[in-house]
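Architecture and fold: a report
Letter by letter, the chains look like this.
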Amino acid sequence: MIAPAITQPIAFVPLFMERVWGGRGLASVYGKQLPADTTIGESWELVDRPEAQSVVRDGPFAGRTLHELWTDHRPEIFGRDLPDVPRFPLLVKLLDAQEKLSLQVHPPTVVAEELGGEPKTEFWYIAHAEPGAELFVGLRKDSDRSRFKTAINEGTVADHVHRIAVKNGDAMFLPSGRLHAIGAGNLIVEIQQNSDTTYRVFDWNRPGADGQPRQLHVAESLRCIDFADCEPALTKARGESLVSHNDFAIEKWELPEPRTVGTPGRFDLIFCLTGKIECGAAPFSPGEFFLLPAALTDRSLKPAAASTALLRVTIPPTR
């Protein structure tokens, strides 16, 4: 299929997901047009899954799905040195946690294959944190598998989880196998492998929306949790680099003046954190993602407001 001329970045329509722990923060912080009278916990900004598809918002590819771009226009949009997989390898979300999420774990590759799930490694950037916000990540040093298993039966798992206070601009890398939960009062940018496999091990002894305890996956969780992962620290930036992993690389840029991003032949995914970004003739505000296609030659990002900052997401080449 012949691609239209590529002269501008590509933006997608977000998919809003109602969650019992969500709220209206994506509207108040980022001006998202949320459906009325709902608690939205997730905005899926870039997704290529059988059950959910990102759709191009405007421009020559308007109405096309991310899967169609990946399948029909991969060299022009994404480049040629990416993993040869049937779907776009990343899932990108914004999360609004007005209440804390269940304590959960994602499976490593080997265990995922055995359990019939999908492996997931992910990264969190704290875009907005209310006073007192925290993350639950890893185990305390005085915990181990045996004590943790006993705590599940006694409903005291909270005593074994490592807590980290967070503020705007903090970041956390979550390899598969890391026990974790997002605390209340966090609005988070989440970059992850294209997976929707999550095993809940503890839900803070609270009932679900129907008044009954939520389904847990205790046996699966115990197989996945890395019990040597005790008291991990927040991610420390190395210059502009926040994380460099086989599945994704993420940088944070301050943008006081125009700057060219990447090189033709490779795609870049940009998230506007603060200020405003102009790319081509298109303006992008905080809370918006856009994709710079591999074939796009004008890759200049221009600040259109004071204190402009962004996240840049790429996939490392396979060669």
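That block above? That's the structure.
Definitions and limits used
Residues numbered from 1 in each chain as written. Predicted model: local features only at pLDDT ≥ 70, side-chain atom pairs only at ≥ 80, totals over all residues. Heavy atoms only, no water. Helix = DSSP H or I, 4+ residues; strand = E, 2+ residues; numbered from the N terminus. Rg over C-alpha atoms; globule rule 2.2 N^0.38 Å. Buried < 20%, exposed > 50% of the residue type's maximum accessible area, 1.4 Å probe, protein only. Contact = heavy atoms within 4.5 Å. Lys, Arg positive; Asp, Glu negative; His and termini not counted. Charge placed at Lys NZ, Arg CZ, Asp CG, Glu CD. Arc of directions from axis to C-beta. Phe/Tyr/Trp six-rings, centres within 6.5 Å; stacked < 30°, edge-to-face > 60°. Lys NZ or Arg CZ within 6 Å of the ring centre and 35° of its normal. Pairing = 2+ DSSP bridges. 1 Å grid on protein atoms, 1.4 Å probe; cavity = no way out; pocket = protein on both sides within 12 Å on 5 of 7 lines; lining within 4 Å. Points joined across faces, edges and corners; volume = space filled by probe spheres on them. Nonpolar A, V, L, I, M, F, W, Y, C, P; charged D, E, K, R; others polar.

1. Topic: the overall build of the protein chain
Looking only at helices and strands, the protein chain features six helices and 24 strands. Expected size for 319 residues packed as a compact globule is a radius of gyration near 20 Å; at 20 Å, the protein chain falls within 12% of this value. Across its three principal directions, the C-alpha atoms of the protein chain cover 60 × 40 × 40 Å. Within the protein chain, buried positions represent 51% of all 319 residues. In the protein chain, 75% of the contacts between residues at least 6 apart in sequence involve partners at least 24 apart. Averaging the locations of the 34 positively and 42 negatively charged side chains of the protein chain gives two centres separated by 2 Å.

2. Quick word on helix H5 (residues 145-154)
Within H5 the residues assigned to the buried category are Phe148, Ala151 and Ile152. The arc enclosing the buried residues of H5, seen along the axis, measures out at 105°, which places them on a common side. Residues Ser146, Asn153 and Glu154 are exposed on H5 and point more than 90 degrees away from its buried face. Those residues of H5 that are buried lie in contact with strand S10 (134-139), strand S15 (199-202) and helix H6 (218-224). Of the residues flanking the end of H5, it is Gly155, one or two places downstream, whose phi is positive at about 70°.

3. A word on the environment of Ala309
Relative to the assigned elements, Ala309 resides in strand S24 (residues 309-314). What makes Ala309 buried here is its relative accessible area of 4%. Residues Ala309 and Gly275, 34 residues apart in the sequence, show an inter-C-alpha distance of 6.6 Å. When sequence neighbours within four positions are dropped, the list of residues in contact with Ala309 reads Trp253, Glu254, Phe271, Cys272, Leu273 and Thr274.

4. Some words on the packing of aromatic side chains
All chains considered together, the criterion is met by twelve aromatic pairs. An angle of 70° between the planes, with centres 5.0 Å apart, marks the rings of Trp70 and Phe78 as edge-to-face. Take Phe78: its relative accessible area is 0%, and that puts it in the buried class. Seen in terms of ring centroids, Phe78 and Phe88 are 5.3 Å apart; in terms of plane orientation they differ by 35°. Their pairing is tilted. Here Phe78, found in the loop between helix H3 (74-77) and strand S7 (90-97), pairs with Phe88, found in the loop between H3 and S7; they are ten residues apart in sequence, far enough to count as distant. There is no split in this pair, since Phe78 and Phe88 are both buried. Taken together, the aromatic side chains of Trp70, Phe78, Phe88 and Phe267 make up a single cluster linked through ring pairs. Over the ring of Trp204 we find Lys100; its NZ or CZ atom is 4.2 Å from the centre of that ring. The lysine or arginine in question, Arg259, covers the ring of Trp253, its NZ or CZ lying 3.6 Å from the ring centre.

5. A word on the sheet that holds strand S20 (residues 277-279)
Strand order in the open sheet formed by four strands is S18-S23-S20-S21, and the pairing between neighbours is antiparallel. Because the sheet does not close on itself, it has two edges, and the strands there are strand S18 (259-260) and strand S21 (282-284).

6. Here's the deal with empty space enclosed by the protein
Summed over all chains, the structure comprises two cavities of 30 Å³ or more. Looking at the largest cavity, its volume works out to about 70 Å³. Looking at the largest cavity, the residues that line it are Ala5, Ile6, Thr7, Gln8, Pro9, Ile10, Val56, Asp58, Gly59, Pro60, Phe61 and Pro293. For the lining of the largest cavity, the residue count by class is eight nonpolar, three polar and one charged. In this structure, the second largest cavity occupies an estimated 40 Å³ of space. Considering the residues around the second largest cavity, the lining is formed by Phe12, Glu45, Leu46, Leu269, Phe289 and Phe290.

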